[in-house]
Amino acid sequence: MVIKSYQQVAPRDYPGLTDGVQVREMITAADGAPNFSMRVFDVAPGLSTPFHTHAWEHEVFVISGTGRVRTAGKETPFKPGDSVFISPHEQHCFIADTAAPVRMICCVPAKDRCQL
């Protein structure tokens, strides 16, 4: 078993992320997780993750903050407690409202871990 505190995991740099967007790799293959990686994203007010796509699905759970998920031709609001499913190859990004930062958990397959 592995238990980590959010405060103990340093943010990691990812290509394509702007200043104000941080990622903490909470559980990965390095911890012995063979199938999934769990990351925590912090998005500063008014900023967003890159608008991108990839071949794998992922699931997101919003811990705090409000904003919108942008997909091709659509923006859908989210709030704390919401979960979001992103299908493989679906273009998307997460945009934080200007009032407060967004913190969310993102789970992706381990074989593609830590890519945007």
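Rules used in this analysis
Each chain has its residues counted from 1, running along the sequence as written. With pLDDT at 70 or above as the cut-off, local features in this predicted model cover only qualifying residues; side-chain atom pairs require 80 or more to be listed or tallied, and sums for whole chains, interfaces and linings still use all residues. Hydrogens and waters are ignored; side-chain quantities use all the structure's heavy atoms. Where helices and strands are cited, they refer to DSSP runs of H or I of at least four residues and of E of at least two residues respectively, numbered from the N terminus. Atoms counted for the radius of gyration: C-alpha only. Globule rule: 2.2 Å times the number of residues to the power 0.38. Each residue gets one of three labels from its accessible area relative to the maximum for its type: buried under 20%, exposed over 50%, partly exposed in between, using a 1.4 Å probe on protein chains only. Contacts are assigned to residue pairs with any non-hydrogen atoms lying within 4.5 Å of each other. Per-residue accessibility takes into account occlusion by the displayed protein chains alone, with areas from the Shrake-Rupley method and a 1.4 Å probe. Two strands are said to pair when DSSP picks up at least two bridges between them. Helix axes use the C-alpha atoms of the stretch in contact, all axes being lines fitted to C-alpha atoms, and the angles between their N-to-C directions lie in the range 0 to 180 degrees. By convention in these notes, a salt bridge is any Lys or Arg side-chain nitrogen within 4 Å of a carboxyl oxygen on Asp or Glu.

Let's shift gears to the overall build of the chain. Helices and strands together make up the secondary structure of the chain, namely zero helices and eight strands. Reading the helices (α) and strands (β) of the chain from amino to carboxyl end gives β-β-β-β-β-β-β-β. Expected size for 116 residues packed as a compact globule is a radius of gyration near 13 Å; at 13 Å, the chain falls within 12% of this value. Considering only C-alpha atoms, the chain reaches an extent of 40 × 30 × 25 Å along its principal axes. When each of the 116 residues of the chain is scored for burial, the buried share is 39%. Sequence-distant contacts in the chain: of pairs separated by 6 or more residues, those separated by 24 or more amount to 62%. Counting every atom, the chain has about 6400 Å² of accessible surface; 55% of that belongs to carbon and sulfur.

Our next topic: the sheet that holds strand β6 (residues 83–86). Strands sit in the order β1-β2-β8-β3-β6 across an open sheet of five strands; the sheet is antiparallel. At either end of the open sheet lies a strand with only one pairing partner, and these are β1 (21–27) and β6. For this sheet, the mean angle separating the axes of adjacent strands, direction not counted, is 25°.

Further remarks concern the pairing of strand β5 (residues 74–78). Regular strands place side chains that alternate from one sheet face to the opposite one. Taken together, the five bridges between strand β4 (residues 67–71) and β5 define a ladder with antiparallel strand orientation. Each residue of the ladder has a partner; that of Gly 67, found in β5, is Phe 78. What sits between the antiparallel neighbours β4 and β5 is a turn of two residues, in which Gly 73 has the positive phi angle 80°.

By the definition in use, this model includes eight salt bridges. Across the pair Asp 97 and Arg 68 runs a salt bridge, and its minimum N-O distance is 3.0 Å. Here Asp 97, found in the loop between β7 (92–96) and β8 (102–109), pairs with Arg 68, found in strand β4; they are 29 residues apart in sequence, far enough to count as distant. Judged by its relative accessible area of 25%, Asp 97 is partly exposed. Residue Lys 79 pairs with Asp 82 through a salt bridge whose shortest N-O separation is 3.0 Å. Connected through shared salt-bridge partners, Arg 68, Arg 70, Glu 75 and Asp 97 make up one network.

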